[in-house]
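# Examining the three-dimensional arrangement
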Amino acid sequence: MNYKLIYIVLVILPLYETKRKLRSVYFIDTKSDINEKYIKNLEIDISPKRDSMKILIEIVQDISDVWATVGVGRWQTSTKNFRSMFSYHIDLCDTLLRLKTAQLPLLNKWITNFLKYGNISSQCPFYKSVYYLNNLKVDKDSIPEFVPAGKYQTYLSLYRKNKDGSKDVINSSYMTFELK
């Protein structure tokens, strides 16, 4: 993993952005698979204007020790596919805990933006409950200026690690959006 690149993207580049060119995210599509051992229901509705979405998730048991694979791909017209820009495996519980003291302004901004639209916990464990995000939007000032306009796809897989090294997947989701 290239930690130097992560440091530059999440710490250094946001400091150099002075004159902001505000842009918008327009949601196109989402796809999700759930593990019913952990999640009873997951509903994602994109607004008619495509600038926000509602998410409802019903967790059926307390979940701790959550890991995540997070990836972003950009649409390539020549190949008609999304080309991966990055993909990382993170200890989600540890990351949420460290965000409170870490000097990662861009990551802090993204997670704060996400959490302010609903009742999702900002720390582990995630308790058995119904969680929601209402009118979730990507704040225009949280989009780095160096990210070019275009069509993107994000991938998020939440999982727990088994003792044998295998993954017990909680949820896998894709979200396609356009940055204008």
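Each remark here, short or long, concerns the structure printed above.
Residues numbered from 1 in each chain as written. Predicted model: local features only at pLDDT ≥ 70, side-chain atom pairs only at ≥ 80, totals over all residues. Heavy atoms only, no water.

## A closer look at helix 2 (residues 92-99)
- For helix 2, the complete set of buried residues consists of Leu-92, Cys-93, Thr-95, Leu-96 and Leu-99. Each buried residue of helix 2 sits inside an arc of 165° when the element is viewed along its axis, so together they form one side. (Buried < 20%, exposed > 50% of the residue type's maximum accessible area, 1.4 Å probe, protein only. Helix = DSSP H or I, 4+ residues; strand = E, 2+ residues; numbered from the N terminus. Arc of directions from axis to C-beta.)

## Regarding the state of the cysteines
- By the definition in use, this model includes one disulfide.
- Sulfur-sulfur distance for the disulfide between Cys-93 and Cys-124 comes to 1.9 Å. A torsion of -80° about the S-S bond marks the disulfide between Cys-93 and Cys-124 as left-handed. With Cys-93 in helix 2 and Cys-124 in the loop between helix 3 (105-115) and strand 6 (129-136), the pair connects residues that are 31 residues apart, well separated along the chain. (Disulfide = S-S within 2.5 Å.)

## Here's the deal with the environment of Asn-35
- For Asn-35, the position within the fold is in the loop between strand 1 (25-34) and strand 2 (39-46).
- Once residues within four sequence positions are removed from consideration, Asn-35 is found in contact with Asp-168, Val-169 and Ile-170.
- In terms of polar contacts, Asn-35 uses its side chain to reach the backbone carbonyl oxygen of Val-169, at 2.9 Å. (Contact = heavy atoms within 4.5 Å. Polar contact = N/O pair within 3.5 Å; in protein donor to acceptor, adjacent residues only side chain to side chain.)

## Observations regarding the packing of aromatic side chains
- Under the criterion given, the structure shown has four aromatic pairs.
- Positioned above the aromatic ring of Trp-75, the side-chain terminus of Lys-151 is 4.7 Å from the ring centre.
- Between the NZ or CZ atom of Lys-167 and the centre of the ring of Tyr-159, over which it lies, the distance is 4.5 Å. (Phe/Tyr/Trp six-rings, centres within 6.5 Å; stacked < 30°, edge-to-face > 60°. Lys NZ or Arg CZ within 6 Å of the ring centre and 35° of its normal.)

## Structural notes on the nonpolar core
- Ile-59, Ile-63, Val-66, Leu-92, Phe-126, Leu-158 and Ile-170 are the most contacted members of the largest nonpolar core, which totals 16 residues.
- Within the second largest apolar cluster, 14 residues are counted, among which are Met-53, Ile-55, Val-72 and Phe-177. (Core = buried A, V, L, I, M, F, W, Y, C linked by side-chain atoms within 4.5 Å.)

## As for the sheet that holds strand 2
- Spatial strand order, 2-3-6: three strands in an open sheet with antiparallel pairing. Each edge of the open sheet carries a strand with a single partner, namely strand 2 and strand 6. Direction aside, neighbouring strands of the sheet carry axes that sit 5° apart on average.
- Pairing geometry for strand 3 (residues 53-59) and strand 6, over six bridges, is antiparallel. The residue of strand 6 that forms the bridge with Ile-55 is Leu-133. (Pairing = 2+ DSSP bridges. Axes fitted to C-alpha atoms, helices over the stretch in contact; angles between N-to-C directions.)

## Some remarks on the sheet that holds strand 5 (residues 81-91)
- What the five strands build is an open sheet, ordered 1-8-7-4-5; its pairing is antiparallel. Both edges of this open sheet fall to strand 1 and strand 5, since each of them pairs with a single strand only. On average, adjacent strands in this sheet sit at an angle of 15° to one another, irrespective of strand direction.
- Direction of pairing for strand 4 (residues 67-76) relative to strand 7 (residues 150-161): antiparallel, over a ladder of eight bridges. Of the residues in strand 7, the one forming a bridge with Trp-67 is Tyr-159.
- Most of the contacts of helix 2 go to strand 5, to which it runs at about 75°, and overall it touches strand 4, strand 5 and strand 7.

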